[in-house]
Amino acid sequence: KQWYQRRVRGLWRVIKDVVFKTLICIAPLTKVEQLNLERGTTDVQHFHLLGFDILLDDQLNPYLLEINGFPSMRIDYELIDEESSTKTIVTSPVDAKVKKEALRGALHILFKRRPDESYCQIVGPEIAEESRQFLVFEECRNLYTMFLKKSSLRKGSMLGSSGFRSFVRTCRVLDILPTVTNADLDLLYISICHQSDIVKCLTFLSFYRLILTLAVRKFPELSLYEALKGFLDRCFENVAVANRG
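The rules we used
Residues numbered from 1 in each chain as written. Predicted model: local features only at pLDDT ≥ 70, side-chain atom pairs only at ≥ 80, totals over all residues. Heavy atoms only, no water. Phe/Tyr/Trp six-rings, centres within 6.5 Å; stacked < 30°, edge-to-face > 60°. Helix = DSSP H or I, 4+ residues; strand = E, 2+ residues; numbered from the N terminus. Buried < 20%, exposed > 50% of the residue type's maximum accessible area, 1.4 Å probe, protein only. Axes fitted to C-alpha atoms, helices over the stretch in contact; angles between N-to-C directions. Left-handed = near helix turned anticlockwise from the far one by under 90°. Contact = heavy atoms within 4.5 Å. Nonpolar A, V, L, I, M, F, W, Y, C, P; charged D, E, K, R; others polar. Expected span 1.5 Å × (residues − 1). Salt bridge = Lys/Arg side-chain N within 4 Å of Asp/Glu carboxyl O. Pairing = 2+ DSSP bridges. Polar contact = N/O pair within 3.5 Å; in protein donor to acceptor, adjacent residues only side chain to side chain. Patch = residues over 30% accessible without salt bridge, like charges linked within 9 Å, V, L, I, M, F, W, Y side chains within 5 Å. Areas by Shrake-Rupley, 256 points an atom, 1.4 Å probe, with all protein chains shown as cover. Parallel < 35°, antiparallel > 145°, perpendicular 65-115°, else oblique.

Chemist: I'd like a description of the packing of aromatic side chains, backed by residues and values.
Modeler: Under the criterion given, the structure shown has seven aromatic pairs. Ring centres 5.3 Å apart and planes at 75 degrees place the aromatic pair Phe 167 and Phe 207 in the edge-to-face group. On the criterion of sequence distance, the pair formed by Phe 167 in helix α4 (residues 161-170) and Phe 207 in helix α7 (residues 204-218) is long-range, its members being 40 residues apart. The class for Phe 167 is buried, based on a relative accessible area of 0%. Judged by its relative accessible area of 0%, Phe 207 is buried. Aromatic rings pair up to connect Tyr 144, Phe 147, Phe 164, Phe 167, Tyr 189, Phe 204 and Phe 207 into one cluster.

Chemist: Before we move on, can you summarise the packing of helix α3 (residues 136-146) against helix α8 (residues 224-244) with the specific residues and values?
Modeler: Where α3 contacts α8, the two axes come as close as 10 Å, and the packing angle between them is 35 degrees. Every pair of crossing elements has a handedness; the one defined by α3 and α8 is left-handed. Contacts between α3 and α8 involve Val 136, Glu 139, Cys 140, Asn 142, Leu 143 and Met 146 from the former and Tyr 225, Leu 228, Lys 229, Leu 232, Asp 233, Cys 235, Phe 236 and Val 239 from the latter. Grouping the amino acids of the contact of α3 with α8 by side-chain chemistry returns ten nonpolar, one polar and three charged.

Chemist: Can you tell me about α7, naming the residues and giving the values?
Modeler: For α7, with 15 residues, the first-to-last C-alpha span of 21 Å sits near the 21 Å given by 1.5 Å per residue. Within α7, burial applies to Phe 204, Ser 206, Phe 207, Tyr 208, Leu 210, Ile 211, Leu 212, Leu 214 and Ala 215.

Chemist: Which residues make up the pattern of salt bridges, and what are the values?
Modeler: Per the stated rule, a full pass over the model turns up eight salt bridges. Between Asp 76 and Arg 74 there is a salt bridge, and its shortest N-O distance comes to 2.7 Å. Judged by relative accessible area, which is 26%, Asp 76 ranks as partly exposed. Taking relative accessible area as the criterion, Arg 74 reaches 48% and is therefore assigned partly exposed. For Lys 229, the salt bridge goes to Asp 233, with nearest N and O atoms at 3.0 Å. Here Lys 229 and its partner Asp 233 are both found in helix α8, four residues apart, which amounts to about one turn of the helix. Of the residues examined, Lys 229 reaches a relative accessible area of 24% and is grouped as partly exposed.

Chemist: Explain the pairing of strand β3 (residues 76-80) to me, and be specific about the residues and the numbers.
Modeler: In the sheet, β3 pairs with strand β4 (residues 87-91) via five bridges, with the strands oriented antiparallel. Directly across from Glu 78, in β4, lies its bridge partner Ile 89. The turn linking β3 back onto β4 is made up of six residues, and Ser 85 within it adopts a positive phi angle of 60 degrees.

Chemist: How would you sum up the side chain of Thr 170? Please name residues and give values.
Modeler: Here Thr 170 shows up in helix α4. A polar atom in the side chain of Thr 170 sits 2.8 Å from the backbone oxygen of Ser 166.

Chemist: Which residues make up a nonpolar patch on the surface, and what values do they have?
Modeler: A surface patch of nonpolar side chains, about 320 Å² in accessible area, is lined by Leu 55, Tyr 63 and Leu 65. Here Leu 55 falls in the partly exposed class, since its relative accessible area comes to 46%.

Chemist: Lay out the packing of α7 against α8 with the relevant residues and their values.
Modeler: In a pair of packed helices, the angle between the axes and the distance between the axes together describe the arrangement. In contact at an axis separation of 8 Å, α7 and α8 are set at 100 degrees when each is read in the N-to-C sense. When the axes of α7 and α8 are compared, the pair comes out roughly perpendicular. On α8, the residues that touch Tyr 208, Ile 211, Leu 212, Leu 214, Ala 215, Val 216 and Lys 218 of α7 are Leu 224, Ala 227, Leu 228, Phe 231, Leu 232 and Arg 234. Split by residue class, the contact of α7 with α8 holds eleven nonpolar, no polar and two charged.

Written as structure tokens, this is what we have:
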């Protein structure tokens, strides 16, 4: 029994870690999507409920199967009588308990309240050292939104050609990568744009792909994280110099 209790506690720690790292990764994207809401409105609140499918083996080792962006919140199912072929809608006690608590927890997080003392609030947890690398997505998001207002697009959360050129100029990308020319950057911009469904502009994910491409070219000997972090640090240093000037 004690072994089982220890395994269950360890299991929940691993599951929470998986959820937390996922939220760190998608938080920058949701912040950018927030720009698609009505501008100038300060009282808009929204949330997105995710469903994590986790498989357990006989030793209670968890395996992440998939993450559902739109999990079903139904708490009933059809029960079919084989003899009469009649269908009856039956409420699932398990679904009712799990999904009601999930939705209740989401609403309490949204309004920054705690349902009870046993509820583990997920907003603003301490970031473990091994999870800090995931914050590079947030740094990339900060750089992206910095140039959105200079984009040629009138509204939305996409970076147009003028915003991209402002990024190249302000971050002094040609100084960071002396072997790269403006023509190279224009071709990369066009190529990345065409890889998405939206042509002639960069979504946040497209911008991230572009930054990663440049970072690997600058630091080919480093890991992806180290290369991306090093490139972003150089960009922010040049932005700070430009602001002081």
